[in-house]
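Working through the structure, step by step
If you want the building blocks of each chain, they are given just below.
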Amino acid sequence: MSSTPVPTVARIVHYVSRGSADGRYPSTCRAALVTAVDEAGQPALAVFSPEGFHFPGPLPHADPTPGELAPGTWHWPTRDGGPC
């Protein structure tokens, strides 16, 4: 049995926003809810932000290595003061 969680409908995840091309709005983590999962296991999301809702997907999982998280990806919320 694997201890790695898999995305399923209604799970809460973090979405890493893309930010704006001009850099005015930086990439940042946003709360998101999994709305669907494709056959490859990539989730579609409902993203909650101060500006409104966004519905991207399917999206790749963020690289779990330390450092910056790639814009346009998702990851599990951290509980240990991680990147977001």
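Everything in this summary refers to the structure shown in the same document. From a predicted model like this one, the values you see are computed outputs, not experimental measurements.

Here's the deal with the overall build of the protein chain
Counting its secondary structure elements, the protein chain contains 0 helices and 5 strands. Helices and strands appear in the protein chain in the N-to-C order β-β-β-β-β. The burial tally for the protein chain puts 27% of its 84 residues in the buried class. Looking at the protein chain alone, contacts between residues at least 24 apart form 36% of all its contacts between residues at least 6 apart. Of the accessible surface of the protein chain, which amounts to about 5700 Å², a share of 58% is contributed by carbon and sulfur atoms.

Description of the pairing of strand β3 (residues 43–49)
Across the 7 residues that make up β3, a large majority, 5, are buried. Summarising the sheet, strand β2 (residues 29–37) and β3 pair through 6 bridges and their orientation is antiparallel. Across the sheet, residue V34 finds its bridge partner in β3, namely L45. Connecting β2 to the next strand, β3, in antiparallel fashion are 5 residues, including G41 with a positive phi near 85°. Bridging between β3 and strand β4 (residues 52–54) involves 3 bridges; their strand directions are antiparallel.

Thresholds applied
Per chain, residue numbering runs from 1 following the sequence as it is written. Confidence filtering applies because this is a predicted model: local features only for residues at pLDDT of at least 70, side-chain atom pairs given and counted only at 80 or more, and all residues used for totals across whole chains, interfaces and linings. Calculated side-chain values reflect all of the structure's heavy atoms, with hydrogen atoms and water omitted. Strands are runs of DSSP state E lasting at least two residues, helices are runs of H or I lasting at least four, and both sets are numbered from the N terminus onward. Any residue under 20% of the maximum accessible area for its type is buried, any over 50% is exposed, and the rest in between are partly exposed; the area is computed with a 1.4 Å probe on protein chains only. Whether two residues are in contact is decided by their heavy atoms: any pair within 4.5 Å suffices. All accessibility values rest on the Shrake-Rupley procedure with a 1.4 Å probe; residue burial counts only the protein chains present in the view. Strands qualify as paired when DSSP identifies two bridges or more between them.

In short, the description is geometric, and any link to function would need to be established separately.
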